[in-house]
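# Per-entry structural report
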Amino acid sequence: TGTRGTIFKVSLLGDNFKPTADMRIKFGNYVCHEIEFHCSTIIIATVRAHGLEPGEIEVSASNNSGKDYGNVITMTIKEGEDEGIKSWHRKELNAIRNKIFQIQADLLDVQKMEYGLSVKFDEAITYPPARPALPGPAPATVVQRPQPQQPQPYRAHIKDVLSAKDKLNVKKSVVAKSVDDTSREARIFISSPFKDMNEERDLIVKRIIPKLKRLCMERDILLTCVDLRWGVTEAQTQGAATLMMCLREIEKSNIFIGLFGERYGWCLSENSYRKPTPQDEILMRSFSTASKEFPWINQYKDRSVTEVEMRMVIENHANEHKNGWFYLRDPYYAEGLSADKRQDFLSEGEFEKVKLESLKRDIKKSSYPSSNYNRPSHLSELIFDDLTTFLNQQYPAGTELSPFKRERFLHSTYSRNLTRVYLPTEKHFMSLDLYASSNTTTPLVVYGEPGVGKSAVLANWAKRYKEHHPEVVVIEHYIGCTAASSLYANIMRRVMDELQEFLSDKTDDIPTDLKEMERTFPSWLERTMTRNKTGRVVVIVDSLDNLDESNNARTLLWLPQTFPAAVRIVLSASPSRPLEMIKKRAYETLEITSLAEGERASFARQYLNTNSKKLSEAQEHKIAKCPQAGNPRYLKVLLEDISMWGQFDQLDKRIDSDLKAKDTSELYEIVLERLEKDYDKDGKDIVKLFMSYIYVSRKGLFLDTELAHLLEAERIDFNSFQSLFLGVEDLLLSSGGLLVFANRDIRRAVRQRYLKDEKEKLKLHLKLAEFFERTVEGVRDRKVDELAYQLYNAQDWTKLQACVTNLSMFNKLYTGQQKFDLLKYWRSLESRYDVVDCYIKAIERGDSLPADVLKGDLFYQIGHFLDDMAKYDGATKVFEKARNVYNVSSQNLAVAKTDFYLAKILATQAKYDASEELFNKCLSIYIREKGEEDLAVSSVLNKLGEIYLVVNKFDKSEECFQKSLRIRKSRFGTNHWKVAKTLTLMINYHERRRNFAEGIECGKQALKIAEEEFGPDDISLTTILVAMGRINMAQKQYDEAKKLYKRALKIAEEKVGKDHPKTAEIVYELGSFFFEKPEELVRVNTEVARNFKKKDYWNQQNYNEVKLMGKKAPEKENKKGWSLDRAEKNFLRALSIIENTLGKEHPDYARILNRLGSLYIESVQYLKAEEYLLKSLEIRVQKLGPLHSRVAQSYKHLFTLYNLQEKLEQSRECGEKAITVFRHLHGEQSVELANIYERLGDQCGAANLRDEAKNYFTKSLNIRKALLGPDHKDTLAVYALLQGLNAPPPPPPPPVMCNITVEELIQQANTEITTEMKAQRGRNDLLDAIKNFGKMKEQLSSAESAQKVQKQAANLEQKKGWWKQNYRAGFDAQKVVLQKPAGKPISKGRVPLPPPPPKK
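Now for a look at the structure at hand. Predicted model only: the values in this text are computed from it and were never measured. (Residues numbered from 1 in each chain as written. Predicted model: local features only at pLDDT ≥ 70, side-chain atom pairs only at ≥ 80, totals over all residues. Heavy atoms only, no water.)

### Some points on helix H39 (residues 977-992)
- For H39, which comprises 16 residues, the first-to-last C-alpha distance of 24 Å matches the rise-based estimate of 22 Å (1.5 Å per residue) to within 8%.
- For H39, the buried fraction is high: 12 of the 16 residues fall into the buried class.
- Considered for burial, the residues of H39 that qualify are Lys 978, Val 979, Ala 980, Thr 982, Leu 983, Thr 984, Leu 985, Met 986, Ile 987, Asn 988, Tyr 989 and His 990.
- Among the structural elements, helix H37 (935-950), helix H38 (954-972), helix H40 (996-1014) and helix H41 (1021-1034) are those in contact with the buried residues of H39.
- At the exit of H39 stands Arg 994, carrying a positive phi of roughly 65 degrees. (Helix = DSSP H or I, 4+ residues; strand = E, 2+ residues; numbered from the N terminus. Expected span 1.5 Å × (residues − 1). Buried < 20%, exposed > 50% of the residue type's maximum accessible area, 1.4 Å probe, protein only. Contact = heavy atoms within 4.5 Å.)

Okay, structure coming up:
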């Protein structure tokens, strides 16, 4: 619309729009250049109307300046006047609209007050016996697809409010009935012949009843349906109980539906017409049996059972008037059937035809409505309309319960369903009775495996207890039966609401603040009960394992340890976190176990009896004998399935089929198969798609707004899937409106039946991704929850990159648990895209900036994320952009916040001076802006303390930690979690200073605070537990350290999963625990090495006792836990987790590689050790810089490796590089530097480079004297080494030539020398050592002859590799027990050989 000169803003939705200057939009002949690019699917074009003509025009888009245009759509241009509605006009109109709504609301309040007064007046007067008919809404039509509408908060309710005059004529029974009133039940009995009415009955049971149940749930009505097609067993038929059972069911029902076609039903044969049948005798006995209870049937002994049922209603023989409807099928319906089926739909004979026509005439004359229908689907429409009208009249709109009463009704309904069928176990009831009558103040816990019937026990006991103790307040809360029931705040509030309602006492307001409610809950109960002199209150809270996980609810910190003396709390839970928390409180428990065989048969009988179904004794016995039926969930699913089976003659086959299921999930697969037959007759895979979409969704799907669209795209109409939903509703739960599976067995069944093929899952993930991308506008919560997740699982990397790079999406994803998902997404993308480049380009484009987030804050978040990704240079760039934005707007505190993280990055990169300077700058800003006692000041002090600890400025470090601790205690008190955080840092400080007692005390305080604040299993405890584990390791307290690590690992695996970086950190620490060699082993090796250096040691050995070594025995864990195998296993697991979450370039990945390299050195796997150490060094240099302390650590390990391999030049080079790093970090005075000097001196001494060795030892000695003092053990050790250089060196072990070949030695050692072994320096050393060990005793006459032999042999290899390592580590020839090789024996003239290294 608009006149010439008008400017239009036209939004266009499409695909593959590119943000370039070549973008063009063509409107007819008019080409538009003014384009606002929003994303690749949305653009806005500015169109000037002078280029357009009225009428239909074609619109298309081009990315290349109009050379090629895409798909064409049609747009209509109309001539009109510019109304010129400006923004201030809109504001006025909106204000007027709001006032109108307010007036409507006020009118509604007046009408409600008027209605309330009229009801009171109505109660005060006496009505004559006959009252006006109840007005009700118009009959409901077939369910229509809900259409999105603008919310109308007031107008929508006005039509439901009747005038005062109308209300005066309303019966009192119309007012909302009590939820405890059993009259809120609609029980339907269906009467008809069976043979020709199976299709009609199936439609009623499977289509109509589920739809009506939805309406009944909205109106708080219980709906049941009695279908006796196979409800009468063969034994009951033979026992003549058929008619009596049918009439009893009619008595129980309040709704009667009669169906007739052309068949009359089971009746006595006319003797003159045909011979009597064996069934006649049974029917006669049935009439005789039933007549004792229903004598009026004697006048109808010649009629069919179906007619007797209908006569009971139309002639008012029932105990009360029934609401009934009769439906008669068109006789011509049978003409359209095939010849083989038609006979079942025709009259049995002339005798039956006459009787049926007479009955039909009487039905039409009765007061009950009757209708004709021409096909089964037509019947279903009629019944649905009639019953909907009836329910609307009986329970009209406006009689719904209040939110509180509705919640109570739903819990009550859930409880009543559990009590419909139950086999009481007196021992359980007795235990509960004893607890309820006791004086204990702690809860009772009912526990057992899922599906064993805990909820049923509690519901049935509560029912009986209320009957026996009407004076006691019993409050039942079943977690999971409503959407709100799983929140712990709602549990406490509902208990308070119920108590106020029961006592009619609202003196104490219920706290609205969650923390206040938690704190005052027990005292509120005690005050209320004392004020009303209440004797006892019993509160049942069922299924704690279904608690919502938000607010740490599953740790049960909100649940008081004890309750007032008059309150009894009964809890139930399956094995789960809540049950573990309860058991730690040592409450009294009651275990529920599986059903015994006899109980199974009784349960089946009672359960089917509620649906008026019966099994034969053989069938009951068959089910009871099945072991799986001991699980009540399995048994209930089985009984529900056979209840839906319409053909009694094939029931045995169905039972046999169901019992083939080995567990409940397999049984659910059979249920799914049945659902397919019932609802997927057109072969559209409706059941498969319905259940599969829910399976592949992340958090479930909304039925009307999400699942409906997905199924319609598969060409499944609304009525079909709506009907299916009502049929599978028992398999689902609604979590805040999102449909999810009711239990894990159902989920497993869906995966097993429909989603075995990974390609099928990929397709569904892609369809869901396309749906959320296409239909959910903007960046709403549902899009955030699902889109990236679906793209990731669909492996659509291009769209996933576009999704997570969108700044609005990033802003939503980088929060809470979602941030770890974002990290996972980028780990899958970083081999294809540069994450830093992607976000910097997105920032520069600025096309997806969220409107509700400040630009500086968003940049800050992106920098934070890149820091998590270990992209430190990129993070620094983005943080600087954020800093510039904050500087422009003079946001000093925001500048300090950004500088804080920039300083953290500098510290990570070992730029400690620059980091300290920037932290001090932040500190000065915070002190100036917020004062010296602010929390931000303490955070900066914590970081400064960590830096000072790294650079060995211990006094400054302690000062910072103490200041931070004082600030936090003064702000929050001594028991706040922020105090615990500083105490955790002080554990590390005391560990470095060897103040173990103080460190342990800090750890205990921090742990106590965290447990009280968050519970004993919160993820925040893991940091404290790991720090305490390390300090226990430093004290050689291995058992205590292991307990701490194991506890931390259990918490992490349960809280954040087995594949989380936090879990990897703890697994790494546990690997370090197993890698730590106990002191006694180290001491033994040191002692043996000292013996080797004694002058006469070798002459004193008895080499004849040395035996050859075979294969390496399996490693056994010693009492302190040392185990290289277990250490390696943990390190590799941690490495895998970090690789999958943080990537192969992360510093944590390098740390684990470095540790593995050290382990492989210890286990003599030099090639693998070198590979891991070099890779670790490469990552650390790249990510942390060449002068980081961790880089020096890698050099130290390489120094050790090359030294063992006798690669002296490479070893020395690594040592010098380590010295360069330590000098840069700590100056010339550091313990680390002294250690390197000592090792270099030792290496030079072994190589007879005495002058260089003396120089290194002297430097090490001077540093240790200055730092540790002259009497420290480490100082004295270096001094002894220095003195050893001045004395003549002890002679090395004299080698003796062996006169056998290398091949013979290898065969004699019974070991295989592989190519890998030969490649490692040390394997050849072993052979040389073997050759020269042979006849040492005979040829060793003096040190001179030994040196001469050594010079002649020129055997320099003996000092290398493996032999040298074992020589120094303490190879004790006396203690080596080796296996004698198979084959030729060892001659007495030959001396056996030393052991080869273990094979890898």
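### Comments concerning the environment of Phe 690
- Inspection of the secondary structure puts Phe 690 in helix H23 (residues 686-696).
- Accessibility expressed as a relative area gives 0% for Phe 690, which makes it buried.
- Taking the C-alpha atoms as reference points, Phe 690 and Phe 721, 31 residues apart in sequence, are found 7.8 Å from one another.
- In contact with Phe 690, not counting residues within four places along its chain, are Leu 703, Leu 707, Leu 711, Phe 721, Leu 724, Phe 725, Val 728 and Leu 732.

### Examining the sheet that holds strand S10 (residues 255-260)
- Strands sit in the order S9-S8-S10-S11-S12 across an open sheet of 5 strands; the sheet is parallel. Pairing within the sheet leaves two strands with one partner each, and these edge strands are strand S9 (222-226) and strand S12 (370-373). Ignoring which end each strand starts from, the neighbouring axes of this sheet average 20 degrees apart.
- Sheet analysis places strand S8 (residues 185-191) next to S10, joined by 4 bridges and oriented parallel. The residue of S10 that forms the bridge with Ile 190 is Ile 257.
- Most of the contacts of helix H4 (residues 198-219) go to S9, to which it runs at about 170 degrees, and overall it touches S8, S9, S10, strand S11 (323-329) and S12.
- In the packing of helix H8 (residues 305-314) onto the sheet, contacts are made with S8, S10 and S11, and the angle to S10 comes to roughly 135 degrees. (Pairing = 2+ DSSP bridges. Axes fitted to C-alpha atoms, helices over the stretch in contact; angles between N-to-C directions.)

### Considering the pairing of S11
- Here S11 lies mainly inside the structure; 6 of its 7 residues are buried.
- Inspection of the sheet shows S10 paired to S11 by 6 bridges, in the parallel sense. Bridging across to S11, Ile 257 finds its partner in Trp 325.
- Sheet topology places S11 next to S12; 4 bridges connect them, and they run parallel.

### Some thoughts on the sheet that holds strand S13 (residues 444-447)
- With respect to topology, 5 strands assemble into an open sheet ordered S14-S15-S16-S13-S17, the strand pairing being parallel. On the outer flanks of this sheet lie strand S14 (473-478) and strand S17 (588-591), each paired with one strand and no other. When the angles between neighbouring strand axes are averaged without regard to direction, this sheet yields 15 degrees.
- Where S13 meets S17, 4 bridges bridge the pair, whose relative direction is parallel. Counterpart to Leu 444 in the pairing with S17 is Glu 588.
- Most of the contacts of helix H15 (residues 488-503) go to S14, to which it runs at about 150 degrees, and overall it touches S14 and strand S15 (537-542).

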